[in-house]
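# Residue-level structural notes
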Amino acid sequence: MKRIVVLISGRGSNLEAIVRTAREEGWPARVEAVVSNRADAAGIAWARGLGIETAVLDHRAYPERARFDEALAALVDRWQPDAVALAGFMRILGPAFVQRHEGRLLNVHPSLLPAFPGLHTHRRALEAGCKLAGATVHFVTAELDHGPIVAQAVVPVLPGDDEARLAARVLEREHAMYPRALRWLLDGELLVEQGVVRHRGGASQLWL
Ligand code: GRF
């Protein structure tokens, strides 16, 4: 069994999608542990309820970012993961952590990168008058919300949309796309050439 560690900070709906899909599809991999920087993350309670190992590492106990990074790296090392999935993890990871897990570290971001890295992506897309929005799964690099793009899901922006409606439409697509992208990584299906990710078998990396 390959081992996945998921890092969260909140609700954990992408975590749920990953755990559910892995179980339903009988993956040769499973979520060994869920780590949160917040003790009150709903996803932590959910994972505990399923008997998945959990850990909380409160970033406020580490005034220096690099120390938090070291502690997180040491914690995650316990499970010797084959893949580390960031799913709504609201801390920027330092270069030490990123380099340690290079090639097995994925994130899902609720915009069509490279548009709208950072926060409030849906509000910014609406304010810019975008007609399309979506989400991106990408390899994590030391630069926030950058890194080679593994998959993208596209949704329309509809008349009358507000942030919540658009976010819900995008999130539904994240739940389909993120488990699929993670499975590709675990199966060794992803090739990165000059910053561009290709699926070895030619599977579509675009969810329309
Ligand atoms: C998602 O929109 C994801 O794209 C972003 O944070 C949100 C996490 O939601 N990185 P959840 O905790 O997985 O429900």
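Look up: the structure comes first, before these words.
Residues numbered from 1 in each chain as written. Predicted model: local features only at pLDDT ≥ 70, side-chain atom pairs only at ≥ 80, totals over all residues. Heavy atoms only, no water.

## Considerations on the site of the ligand
Around the ligand lies a shell formed by Arg11, Gly12, Ser13, Asn14, Gly88, Val108, His109, Pro110, Leu171 and Glu174. Take Arg11: an N or O atom from its side chain is 2.5 Å from an oxygen atom of the ligand. A distance of 2.8 Å separates an oxygen atom of the ligand from a polar atom in the backbone of Gly12. Notes on the ligand: free accessible area 360 Å², of which the protein chains cover 86%. Only helix H1 (13–24), strand S5 (105–109) and helix H6 (163–186) provide two or more residues apiece to the shell around the ligand. Class assignment of the residues belonging to the shell around the ligand gives a composition of three nonpolar, five polar and two charged. (Near = heavy atom within 4 Å. Polar contact = N/O pair within 3.5 Å; in protein donor to acceptor, adjacent residues only side chain to side chain. Areas by Shrake-Rupley, 256 points an atom, 1.4 Å probe, with all protein chains shown as cover. Helix = DSSP H or I, 4+ residues; strand = E, 2+ residues; numbered from the N terminus. Nonpolar A, V, L, I, M, F, W, Y, C, P; charged D, E, K, R; others polar.)

## Structural notes on H1
Between the first and last C-alpha of H1 there are 16 Å, a value that for twelve residues agrees with the 16 Å anticipated at 1.5 Å per step. Those residues of H1 not exposed but buried are Ser13, Asn14, Leu15, Ala17, Ile18, Val19, Thr21 and Ala22. Following H1 by one or two positions, Gly26 has its phi on the positive side, about 60°. (Expected span 1.5 Å × (residues − 1). Buried < 20%, exposed > 50% of the residue type's maximum accessible area, 1.4 Å probe, protein only.)

## Describing the nonpolar core
Note that soluble globular proteins tend to have their nonpolar side chains buried in a common cluster. Counting 41 residues, the largest nonpolar core has Val31, Val150 and Leu182 as the members making the most contacts within it. For this core, the leading source of residues is H6, giving nine residues. Not counting residues within four places of it along the chain, the set of residues in contact with Val150 comprises Leu106, Val137, His138, Phe139, Ala181, Trp184, Leu190, Val197 and Gln205. Among the nonpolar cores identified, the runner-up in size contains 21 residues, and Leu7, Ala73, Leu86 and Phe97 belong to it. (Core = buried A, V, L, I, M, F, W, Y, C linked by side-chain atoms within 4.5 Å. Contact = heavy atoms within 4.5 Å.)

## Topic: the pattern of salt bridges
Within this structure, the stated rule accounts for 13 salt bridges. Arg100 is paired through a salt bridge with Asp77; the nearest N and O atoms lie 2.4 Å apart. Here Asp77 lies in helix H3 (residues 65–77) and Arg100 lies in helix H4 (residues 95–100), a separation of 23 residues in the sequence. The shortest N-O distance in the salt bridge between Arg183 and Asp187 comes to 3.0 Å. For Asp187, a relative accessible area of 37% corresponds to the partly exposed category. (Salt bridge = Lys/Arg side-chain N within 4 Å of Asp/Glu carboxyl O.)

By themselves, these are just geometric observations and shouldn't be taken as functional.
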